[in-house]
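Fold and geometry: a report
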Amino acid sequence: MDALSFDPYDLERLRLTLEGAVRVRRPSEFYLWAQGALQSFLPHETLVCLFEGGSAGEVPIEIFSRAVLAPEAEAALRAQSDGVRVALRCHWQRQGQRPCVHPWPTPAGGEALVHGVGGVSALSPCLFVFLGMPGMPGPREHYLAELLLPHLYMALLRQRQTAPLAGVASGLSARQRQVLEGVRGGKTNAQIAGDLGIRPATVKHHIQQALRKLSVNNRAAAAAVTSSLEEAGRA
């Protein structure tokens, strides 16, 4: 069988994996999805999620693992100036920001599969590092990492944002909710302004106010949060 081919059973598992990602709302749900459905296509022992832009010399990091990551390895990943994190990102960037393999600097060694989101102003840069894979990641794993990345990223955003924001979402004004509905639909500020009969500058102001209330940094995160909250309200 070709490394990139999918039989009907694979396609059904893929459908269930994507549907599972859409349902993720809480850290526990993300962990169960990453260590369950996601394992069908990208088997791993530990998933490290590194967000850029940490404060006080640290990078926001989330670790989902069936094993305990060595304290020195976790400390190295958290440090802004540490060579491990910088080496992973630089190697990924040199590969054209495509899925790639990088040696994992631990006593046990091994290879890490690395892929992420970066270079897009509307998205918070994030690097995903898959550790403890059963063998050397090949073309199939690279293809699947590319395919699953958007779902992995959005599921991670939802489980990071939804819980703490549920209480403040009620503080959004009716107009701010209307504007965010347009953002969720992929519309530009000018298009939203035309729909609502207001100026694009007013749309921009409402978006900035909503971002502050939701404590998020960009339109993509705000759209993900409000979508999650709306679905939770219907449940």
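A few points on the structure. (Residues numbered from 1 in each chain as written. Predicted model: local features only at pLDDT ≥ 70, side-chain atom pairs only at ≥ 80, totals over all residues. Heavy atoms only, no water.)

Turning next to the sheet that holds strand 1 (residues 46-51). Strand order across the open sheet formed by five strands is 2-1-5-4-3, with antiparallel pairing between neighbours. For this open sheet the edge positions go to strand 2 (61-65) and strand 3 (100-103), each flanked by a neighbour on one side alone. Across the sheet, the mean angle from the axis of one strand to that of its neighbour is 25°, orientation sign disregarded. Here strand 1 pairs with strand 2 via five bridges, running antiparallel. Its bridge partner lying in strand 2, Leu50 is registered against Ile61. (Pairing = 2+ DSSP bridges. Helix = DSSP H or I, 4+ residues; strand = E, 2+ residues; numbered from the N terminus. Axes fitted to C-alpha atoms, helices over the stretch in contact; angles between N-to-C directions.)

Once that is clear, we can look at unusual backbone geometry. A positive phi is found at Gln97, a non-glycine position, where the angle reads about 55°. With respect to the helices and strands, Gln97 occurs in the loop between helix 4 (83-94) and strand 3. What makes Gln97 partly exposed here is its relative accessible area of 30%. (Buried < 20%, exposed > 50% of the residue type's maximum accessible area, 1.4 Å probe, protein only.)

Moving on: the packing of aromatic side chains. Any pair of aromatic rings gets described here by the distance separating the centres and the angle formed by the planes. The final tally for this structure, using the stated rule, is three aromatic pairs. Ring geometry for Phe6 against Tyr143: centres 6.2 Å apart, planes inclined by 45°, an arrangement best described as tilted. Separated by 137 residues along the polypeptide, Phe6 in the segment before helix 1 (8-23) and Tyr143 in helix 5 (residues 139-165) bring together distant segments of the chain. Between Phe30 and Phe64 the ring centres are 4.6 Å apart and the planes differ by 50°, which places this aromatic pair in the tilted class. A residue pair is termed long-range when its members are at least 10 positions apart, and Phe30 in helix 2 (residues 27-34) and Phe64 in strand 2 qualify at 34 residues. Owing to a relative accessible area of 0%, Phe30 belongs among the buried residues under this scheme. If you follow Arg13 out to its NZ or CZ, it ends over the ring of Phe41, 4.9 Å from the centre. Between the NZ or CZ atom of Arg140 and the centre of the ring of Phe6, over which it lies, the distance is 4.8 Å. (Phe/Tyr/Trp six-rings, centres within 6.5 Å; stacked < 30°, edge-to-face > 60°. Lys NZ or Arg CZ within 6 Å of the ring centre and 35° of its normal.)

With that settled, the discussion passes to the pattern of salt bridges. Once the charged atoms of two side chains with opposite charge are near each other, the side chains can pair. One pass over the full model with this rule turns up seven salt bridges. Here Glu19 makes a salt bridge to Arg15, at a shortest N to O gap of 2.7 Å. You can see Glu19 and its partner Arg15 sitting in helix 1, four residues apart, about one turn around the helix. Accessibility expressed as a relative area gives 33% for Glu19, which makes it partly exposed. A salt bridge links Glu29 to Arg26; the shortest N-O distance between them is 3.1 Å. Looking at Glu29, the relative accessible area reads 26%, which means it is partly exposed. When salt bridges with common partners are traced through the structure, they connect Asp10, Arg13 and Arg140 into a single cluster. (Salt bridge = Lys/Arg side-chain N within 4 Å of Asp/Glu carboxyl O.)

It is worth stressing that arrangement in space is one thing and function is another; only the former is reported here.
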